[in-house]
Structures are given as structure tokens and as C-alpha cells.
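Chain by chain, the residues:
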Amino acid sequence: MSTPLTANCFCGAVRIELTGEPVARANCHCGSCRDFYGTSMLSATAWPEQQVNVTEGATTRFPHPTKQLAQTFCVACGETVFGENRLNMRIVPNSLLARSTDGVLAADMQPTMHLYYRNRIIDVVDDLPKYLDGWDGPLHEG
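Residues numbered from 1 in each chain as written. Predicted model: local features only at pLDDT ≥ 70, side-chain atom pairs only at ≥ 80, totals over all residues. Heavy atoms only, no water.

(A) Here's a closer look at the pattern of salt bridges. Inspection of the entire model under this criterion finds 6 salt bridges. With a shortest N-O distance of 2.9 Å, arginine 118 and aspartate 133 are connected by a salt bridge. With a gap of 15 residues between them, arginine 118 in the segment after β10 (113-115) and aspartate 133 in the segment after β10 connect regions that are remote in the sequence. (Salt bridge = Lys/Arg side-chain N within 4 Å of Asp/Glu carboxyl O. Helix = DSSP H or I, 4+ residues; strand = E, 2+ residues; numbered from the N terminus.)

(B) Structural detail: the side chain of glutamine 71. Relative to the helices and strands, glutamine 71 is located in strand β7 (residues 70-74). Separated by 2.6 Å, the side chain of glutamine 71 and the backbone oxygen of phenylalanine 36 make a polar contact. Polar side-chain contacts of glutamine 71 include one of 3.1 Å to the side chain of threonine 80. (Polar contact = N/O pair within 3.5 Å; in protein donor to acceptor, adjacent residues only side chain to side chain.)

(C) Region of the structure containing unusual backbone geometry. Phi is positive for asparagine 88, which is not a glycine, with a value near 60°. Tracing the backbone through its elements, the reader meets asparagine 88 in the loop between β8 (80-84) and β9 (89-93). Take asparagine 88: its relative accessible area is 51%, and that puts it in the exposed class. Although it is not a glycine, tyrosine 116 adopts a positive phi angle of roughly 55°. For tyrosine 116, the location among the structural elements is in the segment after β10. (Buried < 20%, exposed > 50% of the residue type's maximum accessible area, 1.4 Å probe, protein only.)

Structural data, given as C-alpha cells:
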């Protein structure tokens, strides 16, 4: 991605700018993502911290009370514009990115894998590799 990508929260008050390339593009099934983001799996991209910046609007950061996770969200509409994980990556939900490209996630932002698939609560039928844990571990057979 040579030109910066911009994305807005639901109400448009917060704008973020993404530069460079994401480190990972994944559907995450871990319990932490499910609990913290309130979803059955989190489809998102992971970026180095310095490549995701709030360029407009007021945000609030909420750190997880017991884990090395945080969310930054719009103070007006409450939408999470990015999260942070224990590796200091900024995690941008794909729903935010898809909205910035007329509701269709760009090909270069599509997930390339499933992570923590052993913790899934729904089976997913697709051709992506399904890592039982992190991306350096064993794959789901089946």
C-alpha cells in the first residue's frame, strides 16, 4: 500500500490514517478477542504502532483490567477505531477498513489466515489456513 489509507468511525468524528503494510491480516478466534471486542471472531489487520495514527477527533483509550490489551474508541459514537495487543501492535477491525472502501474490504486487506482456531465457537468453511494457536503453530486438519 503506497498511499495512506484513511478510515472513520461510525459518526465520522474520528479519522485514522494507516501507512505502509499490515504485519498480519487474520480472523482471530481467541477468547481474549471474543471477550474484549464482543464478537464470535475478530476479523482485523495488525499494524506496527507508528503506522496507525488518529489524525482527527477525540478518542479514549481503555486498557483491559487484567491483560495486555487496550481499545481506543471514539468518544462520540463509541466505536473501537483500533486495539492494542501484548506485542504493541495496533489492531484495526476490518469492518472499519471495509467502510472506508464502500463496504467491500480491499483485496490487499483480506484475511490470509485464522488464528487460535482451536478456540472457535463457530466453524468457518473457507480455504484459509486455520492455525490452532498462533501462526507458527500446528494447523487444523479437517
